[in-house]
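# Analysis of the macromolecular model
Below are the chains, spelled out letter by letter.
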Amino acid sequence: MVWVLRVTVVIAAVAATAIALSADSIYALFYLLGDFNGIIMFSQLVCAVHLKNANTYGSLFALIIGVVLRIGGGDPFIGIPAFIKYPYYSEIYGQLFPFKTFAIVLSFIILVGVSYLAKFLFEREILPAKLDIFRCFQRGDDNKQEENISMKPQEEGTPTKI
């Protein structure tokens, strides 16, 4: 999984550099950053704090769908044309539909829905545990800790386990 993280960091750095070089102003970058923070972080943060059953599967699907819906609406600041023409689209005025809000709300709904679906499928063993690639639903011996850590005070002279 370390290589996935490294590749993702490189892809994010290249994308950020390309966007920064193509933007006309700092304001445009700030505006775009606010949009993506809303799509990417809002649902993740709300679910992490308030929803016990949110998991990586829901989070990943919500991220992908949210970003595609947001980018699909286009962005005149950095010159991305709309490839998804939402209702009320106008060739003159662009997107008139609140597609950014739509992307945020749909991203949240997908995160909750896919999280509960994954929980249902893995806990009822409809999907085998070997397909749980993110290890969100480990059962039995997989969840055992290597050592039990007790909260009892140590006796004098006994080495502490770390």
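Residues numbered from 1 in each chain as written. Predicted model: local features only at pLDDT ≥ 70, side-chain atom pairs only at ≥ 80, totals over all residues. Heavy atoms only, no water.

## A closer look at the nonpolar core
Generally speaking, a soluble globular protein has its nonpolar side chains buried in company with each other. Under the convention used in this document: By nonpolar core is meant a set of buried Ala, Val, Leu, Ile, Met, Phe, Trp, Tyr and Cys residues that side-chain atoms within 4.5 Å join together. The cut-offs for exposure are 20% and 50% of the maximum accessible area for each residue type, with area from a 1.4 Å probe on protein chains only; residues under the lower value are buried, those over the upper are exposed, and the others partly exposed. Secondary structure follows DSSP: runs of H or I at least 4 residues long count as helices, runs of E at least 2 residues long count as strands, and numbering of each begins at the N terminus.
One finds Cys47, Tyr57, Ala62, Ile110, Leu111, Val114, Ala118, Phe122 and Phe137 forming the largest nonpolar core, which totals nine residues. A total of five residues in this core trace back to one element, the largest contributor, which is helix α4 (residues 99–123). Core analysis: the next-biggest nonpolar cluster, separate from the first, contains five residues, Ile39, Leu69, Tyr86 and Phe99 among them.

## Remarks on the packing of aromatic side chains
Cut-off, in case you're wondering: Side-chain rings of Phe, Tyr and Trp (the six-membered ring for Trp) are treated as a pair once their centres are within 6.5 Å; stacked means planes under 30 degrees apart, edge-to-face means over 60, and tilted covers the remaining angles.
Considering all chains together, one arrives at ten aromatic pairs under this definition. Consider the rings of Phe97 and Phe102, whose centres lie 5.8 Å apart with planes at 70°: the pair is edge-to-face. Overall, the relative accessible area of 21% leaves Phe97 in the partly exposed class. Of the aromatic side chains, those joined through ring pairs into one cluster are Tyr57, Phe122, Phe134 and Phe137.

## Re the side chain of Asp35
What counts here: Whenever a nitrogen or oxygen atom comes within 3.5 Å of another N or O atom, the pair is scored as a polar contact, on the condition that within protein one atom can donate a hydrogen and the other can accept it, and that pairs from neighbouring residues in sequence are kept only if both atoms are in side chains.
Among the structural elements, Asp35 can be located in helix α2 (residues 26–50). Within the structure, Asp35 has its side chain in polar contact with the side chain of Arg70 (distance 2.8 Å).

## Structural notes on the confidence of the model for the protein chain
Definition in use: Per-residue confidence from the predictor is reported as pLDDT, which spans 0 to 100. Pairs of residues are marked as contacts when any of their non-hydrogen atoms sit within 4.5 Å.
Taken over all residues, the pLDDT of the protein chain has a mean of 83, while the share at 70 or more is 82%. The secondary structure element of the protein chain with the lowest average pLDDT is helix α1 (residues 2–22), at 80, and the one with the highest is α4, at 95. Confidence over residues 142–150 falls short of pLDDT 50; this stretch has two contacts with residues more than four positions distant or in other chains.

## Re the pattern of salt bridges
This is how it is decided: Each salt bridge in this description consists of a side-chain nitrogen of Lys or Arg and a carboxyl oxygen of Asp or Glu lying within 4 Å of one another.
Following the criterion strictly, the structure yields five salt bridges and no others. Between Asp35 and Lys100 there is a salt bridge whose closest N-O contact spans 3.4 Å. In this pair, Asp35 is assigned in helix α2 and Lys100 in helix α4, connecting sequence segments 65 residues apart. Looking at Asp35, the relative accessible area reads 13%, which means it is buried. For Lys100, a relative accessible area of 22% puts it in the partly exposed group. Here the salt bridges do not stand alone but share partners, grouping Asp35, Arg70, Asp75 and Lys100 into one network.

## Things to note about unusual backbone geometry
Phi at Tyr88 takes a positive value of approximately 70°, unusual for a residue other than glycine. Among the structural elements, Tyr88 can be located in the loop between α3 (56–72) and α4. Phi at Glu125 takes a positive value of approximately 60°, unusual for a residue other than glycine. Here Glu125 shows up in the segment after α4. On the accessibility criterion, Glu125 (55% relative accessible area) is exposed.

## With respect to a nonpolar patch on the surface
Heads up, the rule is: For patches, a residue must show more than 30% relative accessible area and have no salt bridge; joins then use 9 Å for like charges and 5 Å for nonpolar side chains, namely Val, Leu, Ile, Met, Phe, Trp and Tyr. Here the accessible surface of atoms and residues is derived via Shrake-Rupley with a 1.4 Å probe, and residues count as covered only by protein chains that are part of the display.
A surface patch of nonpolar side chains, amounting to about 660 Å² of accessible area, comprises Ile40, Met41, Leu60, Leu63, Ile64, Ile65, Val68 and Phe83. Elements with a contribution of two residues or more to the nonpolar patch: α2 and α3. Considering each element in turn, the nonpolar patch owes the most residues, five residues, to α3. Locating Ile40 in the fold gives a position in helix α2.

## Some points on α2
The condition that has to hold: A helix is expected to span 1.5 Å multiplied by its residue count minus one. Take the seven residues that end at a residue and the seven that start at it, fit an axis to each, and the angle between those axes is the bend at that residue.
The end-to-end C-alpha distance of α2 is 34 Å, a good match for the 36 Å that 25 residues give at a rise of 1.5 Å each. If you look at α2, its biggest bend is around 35°, right at Met41.

## Thoughts on the packing of α3 against α4
The condition that has to hold: The angle between two axes is taken between their N-to-C directions and runs from 0 to 180 degrees, where each axis is a line fitted to C-alpha atoms and a helix contributes only its stretch in contact. To sort the angles, those under 35 degrees are grouped as roughly parallel, those over 145 as roughly antiparallel, those from 65 to 115 as roughly perpendicular, and the leftovers as oblique. Each crossing gets its handedness from the near helix: less than a right angle anticlockwise from the far helix is left-handed, clockwise is right-handed. When residues are sorted by character, Ala, Val, Leu, Ile, Met, Phe, Trp, Tyr, Cys and Pro go into the nonpolar class, Asp, Glu, Lys and Arg into the charged class, and all the rest, Gly among them, into the polar class.
It is the contact of α3 with α4, at a shortest axis distance of 7 Å, that shows an interaxial angle of 155°. Compared by their axis directions, α3 and α4 come out roughly antiparallel. Our pair here, α3 against α4, has a crossing hand that is right-handed. Note on element contacts: α4 touches α3 through Phe99, Lys100, Phe102, Ala103, Leu106, Ser107, Ile110, Leu111, Val114, Ser115, Ala118 and Phe122, opposite Tyr57, Gly58, Ser59, Phe61, Ala62, Ile65, Gly66, Leu69 and Arg70. Along the lines of polarity and charge, the residues of the contact of α3 with α4 split into 14 nonpolar, five polar and two charged.

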